[in-house]
Amino acid sequence: MGADRPKQFLPLAGEPVLLHTLRRFADPTLKVQQCILVLPQDQLEAWQQLCAEYAIALPHTVVVGGATRWASVRNGLAALAAHSTGVVAVHDGVRPLTSANVIEATYQAAYNHGAAVAAVVPKDSVRNLSQQGSYALNRARLRLVQTPQCFEIGLLRRAYQLPELSTFTDDASVVEDLHPIHLVEGDYRNLKITTPEDLLVAEAILTTFPI
Ligand SMILES: Nc1ccn([C@@H]2O[C@H](COP(=O)(O)OP(=O)(O)OP(=O)(O)O)[C@@H](O)[C@H]2O)c(=O)n1
Ligand SMILES: C[C@](O)(CO)[C@H](O)COP(=O)(O)O
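Residues numbered from 1 in each chain as written. Chains lettered and ligands numbered in written order. Predicted model: local features only at pLDDT ≥ 70, side-chain atom pairs only at ≥ 80, totals over all residues. Heavy atoms only, no water.

Asks: It is not clear to me how the overall build of the chain should be interpreted in this structure. Could you clarify?
Replies: In terms of regular secondary structure, the chain is built from seven helices and ten strands. Relative to the compact-globule value of 17 Å for 211 residues, the chain shows a C-alpha radius of gyration of 17 Å, a close match. Taken along the three principal axes of its C-alpha coordinates, the chain extends 55 × 40 × 35 Å. Burial analysis of the chain (211 residues in total) assigns 41% to the buried set. Taking contacts inside the chain between residues at least 6 apart in sequence as the whole, the part at least 24 apart equals 69%. (Helix = DSSP H or I, 4+ residues; strand = E, 2+ residues; numbered from the N terminus. Rg over C-alpha atoms; globule rule 2.2 N^0.38 Å. Buried < 20%, exposed > 50% of the residue type's maximum accessible area, 1.4 Å probe, protein only. Contact = heavy atoms within 4.5 Å.)

And the structure:
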């Protein structure tokens with residue numbers, strides 16, 4: 001992102017990206033019972049300052065993350081109440097525009113199937129790199145994966161007892177050797193704030209195409 005602070009703390013429509021994200025899951029219609037926020041050790045104080053500055057009263061438990069996404073999710077999972085049952089959603093702190101519909105549909109699909117992730121159909125053509133250069137893939141058979149990624153809690157706990165692999169980029173890739181992953185229709189507005197133009201698009205969505 002090349003910003004002067006971690007991207008989850010950057011302002012979006014006048015509030016930190018992360019506050020928008022937390023608020024999405026605080027929607028009372030979702031009945032989320034526990035919210036674990038995972039942050040790097042060196043960002044805890046900054047988050048506390050933002051909570052004071054923006055009077056953030058959304059209930060959440062802060063947990064120190066790890067050097068990789070896998071380590072962070074593992075730490076967050078360990079902070080869930082020991083005998084929790086049901087479904088847990090893992091979500092990117094920098095996906096602030098996730099609709100309640102997508103969250104609810106992904107939770108419900110995980111209740112029904114054990115593991116479910118939001119995904120969208122690619123709108124561009126896709127090519128695979130090869131020794132000779134590249135070749136076209138059939139984009140009708142591809143999906144772009146988003147979050148939330150929802151799992152029966154015991155299943156995710158078992159998956160995170162296995163060793164971390166360098167190929168893991170999300171929780172679906174951690175779980176899929178144990179259980180099939182059900183895909184749920186995501187939303188093109190559910191973007192991940194990764195590069196500077198993503199913030200501009202997110203501002204435009206909030207002001208002209210609200211979720
Ligand atoms: N070690 C990490 C890396 C990522 N994440 C989570 O995964 C989300 C998406 O990851 P990514 O966008 O890659 O975050 P960073 O790696 O922090 O940012 P960058 O893209 O600039 O590398 C983050 O918002 C954060 O919620 C995490 O908890 N722990
Ligand atoms: C989890 C994710 O958002 C699914 O597309 C993506 O893998 C996160 O990637 P990042 O490199 O951690 O941003």
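Okay, back to it.
Asks: Even after reading the chapter, I still don't get the site of ligand 2, so can you show me in this structure?
Replies: By nearness alone, every residue bordering ligand 2 is listed as Arg 69, Asp 92, Arg 95, Val 145, Thr 147, Thr 169, Asp 170 and Lys 192. One nitrogen or oxygen atom from the side chain of Lys 192 is found 2.6 Å from an oxygen atom belonging to ligand 2. Burial of ligand 2 by the protein amounts to 67% of the accessible area it has alone, namely 360 Å². Grouping the constituent residues of the shell around ligand 2 by class yields one nonpolar, two polar and five charged. (Near = heavy atom within 4 Å. Polar contact = N/O pair within 3.5 Å; in protein donor to acceptor, adjacent residues only side chain to side chain. Areas by Shrake-Rupley, 256 points an atom, 1.4 Å probe, with all protein chains shown as cover. Nonpolar A, V, L, I, M, F, W, Y, C, P; charged D, E, K, R; others polar.)

Asks: Any chance you could explain the nonpolar core here in plain terms?
Replies: A general tendency of soluble globular proteins is for nonpolar side chains to be buried together. Leu 156, Tyr 160 and Val 175 are the most contacted members of the largest nonpolar core, which totals 19 residues. Among the elements of the structure, α3 (69-78), β5 (87-90), β6 (115-120), α5 (153-159) and α6 (171-175) are those that each provide at least two residues to this core. Once residues lying within four places of it in the same chain are set aside, the contact partners of Val 175 are Ala 115, Phe 151, Leu 155, Leu 156, Ala 159 and Ile 181. (Core = buried A, V, L, I, M, F, W, Y, C linked by side-chain atoms within 4.5 Å.)

Asks: Explanation requested: the UniProt feature "site: Transition state stabilizer" (unreviewed entry) in the chain in the structure shown.
Replies: When the UniProt feature table is mapped onto this chain numbering, "site: Transition state stabilizer" (unreviewed entry) sits at Lys 7. Within the secondary structure, Lys 7 sits in the segment before β1 (11-12). Judged by its relative accessible area of 24%, Lys 7 falls in the partly exposed class. With near-sequence residues (within four places) excluded, Lys 7 lies in contact with Met 1, Val 17, Val 94, Ile 193 and Thr 194. (UniProt positions renumbered as here; feature names shortened; annotations may be inferred.)

Asks: How do you make sense of helix α7 (residues 196-208) when you look at a structure like this?
Replies: Side chains that are three or four residues apart share a direction in an α-helix, a result of its 3.6 residues per turn. Between its first and last C-alpha, α7 extends 19 Å over 13 residues, near the 18 Å set by a 1.5 Å rise per residue. Among all positions of α7, only Asp 198, Leu 199, Ala 202 and Ile 205 are buried. Looking straight down α7, one finds its buried side chains confined to an arc of 125°; they lie on one side. Turned more than 90 degrees off the buried face of α7, the exposed positions are Leu 200, Thr 207 and Thr 208. (Expected span 1.5 Å × (residues − 1). Arc of directions from axis to C-beta.)

Asks: Quick question: what am I supposed to make of the sheet that holds β5 here?
Replies: Remark on secondary structure: sheet strands pair via backbone hydrogen bonds, oriented parallel or antiparallel. If you trace the four strands from one edge of the open sheet to the other, you get β5-β9-β6-β10, paired in mixed fashion. The strands lining the two open edges of the sheet, one partner per strand, are β5 and β10 (182-185). Averaged over all neighbouring strand pairs, the angle between strand axes comes to 30°, with direction disregarded. Relative to β10, β6 runs parallel, the two sharing four bridges. The partner of Val 117 across the bridge, within β10, is Leu 183. (Pairing = 2+ DSSP bridges. Axes fitted to C-alpha atoms, helices over the stretch in contact; angles between N-to-C directions.)

Asks: Got a minute to help me understand the packing of aromatic side chains in this structure?
Replies: Each aromatic ring pair is summarised here by two numbers: the centre-to-centre distance and the angle between the ring planes. Overall, the coordinates contain two aromatic pairs when judged by the stated rule. Seen in terms of ring centroids, Phe 9 and Trp 47 are 6.2 Å apart; in terms of plane orientation they differ by 15°. Their pairing is stacked. With Phe 9 in the segment before β1 and Trp 47 in helix α2 (residues 44-53), this residue pair connects regions lying 38 residues apart in the sequence. Accessibility assignment for this pair places Phe 9 and Trp 47 in one class, buried. In this structure, Lys 123 packs its charged tip against the face of Tyr 188, placed 4.0 Å from the ring centre. (Phe/Tyr/Trp six-rings, centres within 6.5 Å; stacked < 30°, edge-to-face > 60°. Lys NZ or Arg CZ within 6 Å of the ring centre and 35° of its normal.)

Asks: How should I be thinking about the environment of Tyr 188 in this particular structure?
Replies: Position of Tyr 188 among the secondary structure elements: in the loop between β10 and α7. Along the chain, Tyr 188 and Ala 119 lie 69 residues apart, while their C-alpha atoms are 9.1 Å from each other. At 2.6 Å, the side chain of Tyr 188 and the backbone oxygen of Val 121 are in polar contact.

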